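# Survey of secondary and tertiary structure
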Amino acid sequence: MKAFMVENYGDQAGMRAAEIPDPQVGADDVLVKIHAAGINPLDLRIRNGDFKAFMPYRLPLVLGNDLAGTVVRVGPSVTRFAVGDEVYARPDKDRIGTFAELIAVHQDDLAPKPATLTMAEAASLPLVALTAWQALVERARVQPGQKVLIHAGVGGLGSIAVQLAKALGAHVATTVSTAKVDVAKGLGADVVVDYRTQDFEEVLDGYDVVLDSLGGKNLAKSLRVLKPGGTAISVAGPPDPAFARELGANPILRLAMTALSFTARRNAKRHGVTYSFLFMKASGTQLRELTPLIDTGKVRPVIDRVFPFEETLQAMEYVEKGRAKAGKVVVAMT
C-alpha cells in the first residue's frame with residue numbers, strides 16, 4: 001500500500017511517500033480502507049520529534065491520527081463491525097498511521113461514521129472531537145449555565161469545542177483574530193474577543209473553565225480569568241504529574257514533567273484554581289456518544305480545505321504555515 005512515512009525526526013525533509021506492506025490484522029482488529037484523513041498540529045509535533053521522550057516511536061513511522069473509511073476485513077474476535085461498514089476513528093497513540101491506504105484499528109477505538117457526514121467531514125472530527133469531549137465532559141464536567149472560555153475558537157479544536165460547550169448549555173467565550181469574529185459567532189460563541197484589538201484578560205472574568213490550546217503566556221493569563229475553584233485545561237501547556245502517572249512514565253520522566261509544570265501549577269494554586277494537562281485518548285465509545293450531537297447538527301465539522309491524498313506533504317506544509325482560515329485540513333483518496 002502507499003503511505004507517507006517519517007524517516008527522520010525534524011522538518012518536512014524527513015518525510016516521504018513509500019510503498020509498504022499491508023497492515024497485519026490482529027484478533028480484535030478491523031482493517032479499514034481509508035477514504036480520508038484529517039491533519040492535526042499533533043502530526044507536525046510527532047514528525048518534529050517533540051514527543052519522542054515519552055512516545056518513542058520506531059522509525060520509519062506512518063503518520064496520521066484521524067480517519068474515515070470502509071471496513072474491508074475483521075479479526076476473528078471482532079463483534080461490533082462487519083465488512084462494508086463505514087467507520088471513523090482516532091487510532092490509539094501507539095498505532096497511528098492514517099496517511100495510508102489501509103490501517104488496522106482495534107475495534108474499541110472505532111465507531112460507525114455519522115450518517116449525515118461525508119467521509120472528508122467525518123475524517124476531520126475524531127481527534128478534535130474526542131479532545132473537546134474529554135476536556136469539557138469527562139474532566140471539567142461542564143454544566144448548563146457555567147462560563148467556558150475556548151481559545152482559538154475557529155481552529156480545528158476550538159471550532160468543535162465551542163459547539164460542544166454550547167450543546168452542554170454553557171455560556172461560551174472565545175478568542176479569534178479580527179477576520180474570524182463572524183465565523184466564531186456563527187459557531188455559537190456568546191462572547192468573541194478579537195485578540196488583535198482586545199486583551200481577553202481585561203474583558204473576561206469569573207469563568208469556570210478554560211480550554212487552552214496555545215500554552216505559554218496565554219495559559220498564564222487564562223488562570224487569571226477563572227473564578228476561585230475554576231479549572232484550566234491545556235493541550236499545549238506543560239505535562240503535569242498526573243499525566244506522567246497516567247503514561248506510566250519512568251521516575252526520571254516523572255520528575256521532568258513535575259518540574260516542567262511547576263510554574264503553571266504554582267500560579268494556579270495562587271489564584272485558587274487548578275491546572276490540568278490533557279493528552280487525549282482514543283475511544284470508540286466516546287465517538288458514539290458524540291454521534292447524536294453530530295447527526296442533529298449541534299456539532300458540525302468545520303473544514304478549511306481538502307487536498308488529494310497524493311498531496312499529503314503539501315497539506316501538512318499548508319497547516320504548518322498557518323494558512324488554514326478556519327477548522328481542519330483533510331486529505332482524501334481520489
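Below: a short report on this structure. (Residues numbered from 1 in each chain as written. Predicted model: local features only at pLDDT ≥ 70, side-chain atom pairs only at ≥ 80, totals over all residues. Heavy atoms only, no water.)

### Things to note about the overall build of the chain
If you tally the helices and strands in the chain, you get 12 helices and 16 strands. Here the chain has a C-alpha radius of gyration of 19 Å; the compact-globule value for 334 residues is 20 Å, and the two agree. Each of the three principal axes of the chain carries a C-alpha extent, and together these read 55 × 45 × 40 Å. Taking all 334 residues of the chain together, 54% fall into the buried category. Sequence separation of 24 or more characterises 69% of the internal contacts of the chain that already satisfy a separation of 6 or more. For the chain, the computed accessible surface area is about 14,300 Å², with 51% contributed by carbon and sulfur atoms. Each charge class in the chain was averaged separately, 39 positive and 36 negative side chains, and the resulting centres sit 6 Å apart. (Helix = DSSP H or I, 4+ residues; strand = E, 2+ residues; numbered from the N terminus. Rg over C-alpha atoms; globule rule 2.2 N^0.38 Å. Buried < 20%, exposed > 50% of the residue type's maximum accessible area, 1.4 Å probe, protein only. Contact = heavy atoms within 4.5 Å. Areas by Shrake-Rupley, 256 points an atom, 1.4 Å probe, with all protein chains shown as cover. Lys, Arg positive; Asp, Glu negative; His and termini not counted. Charge placed at Lys NZ, Arg CZ, Asp CG, Glu CD.)

### Considerations on the side chain of Ser-177
Within the secondary structure layout, Ser-177 lies in the loop between β10 (171-176) and α5 (181-186). What Ser-177 contacts, discounting residues up to four positions off in sequence, is Asp-194, Tyr-195 and Arg-196.

### Considering the packing of helix α1 (residues 41-48) against helix α12 (residues 312-320)
For any two helices packed against each other, one specifies the inter-axial angle together with the distance between the axes. Across the interface, α1 lies against α12 with an axial gap of 10 Å and an inter-helix angle of 100°. With respect to their mutual orientation, α1 and α12 come out roughly perpendicular. Contacts between α1 and α12 involve Asp-43, Leu-44 and Arg-47 from the first element and Met-316, Val-319 and Glu-320 from the second. When the residues that make up the contact of α1 with α12 are grouped by side-chain class, the tally is 3 nonpolar, no polar and 3 charged. (Axes fitted to C-alpha atoms, helices over the stretch in contact; angles between N-to-C directions. Parallel < 35°, antiparallel > 145°, perpendicular 65-115°, else oblique. Nonpolar A, V, L, I, M, F, W, Y, C, P; charged D, E, K, R; others polar.)

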